[in-house]
Amino acid sequence: MEWMKSLIVTENKTLAIAEIPKPTITEYEALVKMVACGICNGTDAKIIAGTFKGLEKYPLMLGHEGVGRVEAVGAKVENYKVGDIVLLPFANDASGAHDSGWGAFSEYATVYDAKAGATAGLIDDTHFSWGQSVVPTDIEATSSAMLITLREVLASIRTFGITTDSTVVVYGCGPVGVTFTKFMHLLGVKNLIVVDRLAEKREVALKNGAMLYLNGVEVDVVAEVRKVYPNGVDFVIDAVGHESVVNEGLKLIRDRGDVCVYGVPATTKLSLDFAEAPYNWNVVFQQMPSKKEEGEAHDQVLAWLRSGDVVLADYISHVMPFEEVLEAFAMLERREIPLKCIVRF
């Protein structure tokens, strides 16, 4: 049996490097040597804390923003070839010693040929492998790990039903909030307000398409939004993942408006105060975008990259080797990484 290194979350909710059996592939899978994996400020942090819904068995293998190079393909693989750079490889521990939190912080992983599997009647449209995509050779491999977040955001905008005529308030001006703002602007949404708590975020928000920036520490956000939209807005997007944002958002939406939660909440319980909300409203959670919808967003994100409207480097502040992955997570916890950190193998 061959072995590989993998970043795990222990039963004590600490990070460690473990030796895991190297994956073997089925006839519809390809073996992938990992190139890089992004640290997800939301999902990874919640998994480490033990608060991510659906992942309760520890120890587990961490990482879901992976990119790798195909080294071998199964006999019935039709849509991957050796040398392809691919997004969303996942890894499991064949020995059963570790559960999988998608496991992309590993030296090797696998992708599944969704189209070939569907033709054979083996999978349906809900299968995770629909999000696994080939990265064109003109896109730098390590940075392409960022494509996963970008595709998730675009897929979420489409899922929420936001159109060019929509009025939208985005809470959060970190990498995810900025991406929501930027992408909606590129899609032609003009009525965009961004809310954050830092003065330096004003320039960032306006640069990426916001028509108005509100500092939640300095102003009454509800009063300021209602000055612009007395009847409320169509959508409030929570790109932070906090109960207080959802509750404030309920004060901002019009009748039958939507509070759309993309950020991953710290707990699975939510206390809603809708005393100042309209009579009719929706709270929509998008914690796990459909991988098929994410895959369908792939080409549009690539088009924006090639046109120069989106630049991957704008989202990435740190690239660190896998040997320093524990320090990378420590830096994130100390808030020393302002944007995305990508771990390179």
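Residues numbered from 1 in each chain as written. Predicted model: local features only at pLDDT ≥ 70, side-chain atom pairs only at ≥ 80, totals over all residues. Heavy atoms only, no water.

**Things to note about the sheet that holds strand β7 (residues 99-100)**
The four strands lie next to each other as β2-β1-β4-β7, forming an open sheet whose pairing is mixed. Looking at strand neighbours, the two that pair on one side only are β2 (15-21) and β7, the edges of this open sheet. Sheet topology note: the strand β1 (residues 3-9)/strand β4 (residues 60-61) ladder contains two bridges and is antiparallel. Its bridge partner lying in β4, I8 is registered against M61. Sheet contacts for helix α10 (residues 325-333): β1 and β2; angle to β2, the most-contacted strand, approximately 145 degrees. (Pairing = 2+ DSSP bridges. Helix = DSSP H or I, 4+ residues; strand = E, 2+ residues; numbered from the N terminus. Contact = heavy atoms within 4.5 Å. Axes fitted to C-alpha atoms, helices over the stretch in contact; angles between N-to-C directions.)

**Regarding the nonpolar core**
Across soluble globular proteins, nonpolar side chains have a tendency to be buried as a group. Ranked by size, the top nonpolar core spans 49 residues in total, and within it L147, I162, V168, F180, F183 and M184 carry the most contacts. Of all the elements in the fold, those that place two or more residues in this core are β3 (29-38), β6 (85-87), α3 (147-160), β10 (167-171), α4 (175-186), β11 (191-196), β13 (233-238) and α9 (298-307). Counting residues per element, this core draws most heavily on α3, at eight residues. Among all residues touching F180, those that are not within four sequence positions of it are V153, S156, I157, F160, I237, A239 and Y262. (Core = buried A, V, L, I, M, F, W, Y, C linked by side-chain atoms within 4.5 Å. Buried < 20%, exposed > 50% of the residue type's maximum accessible area, 1.4 Å probe, protein only.)

**Considerations on the pattern of salt bridges**
Going through the model one piece at a time under the given rule, you end up with 16 salt bridges. Note that E224 is salt-bridged to K227, the shortest N-O span being 3.0 Å. Of this pair, E224 and K227 both sit in helix α6 (residues 221-228), three residues apart, roughly one helical turn. Two residues, E327 and R334, come together in a salt bridge whose shortest N-O distance is 2.8 Å. Bridged by salt links that share partners, the residues R151, E152, K291 and E294 form one connected network. (Salt bridge = Lys/Arg side-chain N within 4 Å of Asp/Glu carboxyl O.)

**Overview of α4**
What sets the pattern is the α-helix's 3.6 residues per turn: residues three or four places apart point alike. Relative to the 16 Å expected for twelve residues at 1.5 Å per residue, α4 spans 16 Å between its end C-alpha atoms, a close match to the ideal helical length. Within α4, nine of the twelve residues are buried, which leaves it mostly tucked inside the rest of the structure. Residues of α4 that are buried include every one of P175, G177, V178, T179, F180, T181, K182, F183 and M184, and no others. Downstream of α4 by a residue or two, G188 has a phi angle that is positive, lying close to 100 degrees. (Expected span 1.5 Å × (residues − 1).)

**Digging into the side chain of T179**
Following the sequence through the fold, T179 ends up in helix α4. Setting aside its immediate chain neighbours within four residues, T179 contacts L150, V153 and Y315.

**A short note on the environment of A118**
Among the secondary structure elements, A118 is positioned in helix α2 (residues 114-119). On the basis of relative accessible area, A118 is assigned to the partly exposed category, the value being 29%. In this structure, the C-alpha to C-alpha distance between A118 and L198, residues 80 residues apart in sequence, is 48 Å. For A118, the contacting residues outside a window of four places in its chain are I123 and W130.

**Let's talk about the sheet that holds β11**
In space, the six strands of this open sheet follow the order β12-β11-β10-β13-β14-β15, with parallel pairing throughout. In this open sheet, the two strands that pair with only one neighbour each are β12 (212-215) and β15 (281-285). Strand-to-strand twist of the sheet, defined as the mean angle between neighbouring strand axes without regard to direction, takes the value 20 degrees. Taken together, the five bridges between strand β14 (residues 253-261) and β15 define a ladder with parallel strand orientation. Following the sheet pairing, C260 is matched in β15 by V284. Sheet strands touched by α6: β10, β11, β12, β13 and β14. Its angle to β12, the strand with the most contacts, is close to 160 degrees. Contacts from helix α7 (residues 243-250) reach β10, β13, β14 and β15, with the element oriented near 165 degrees to β14.

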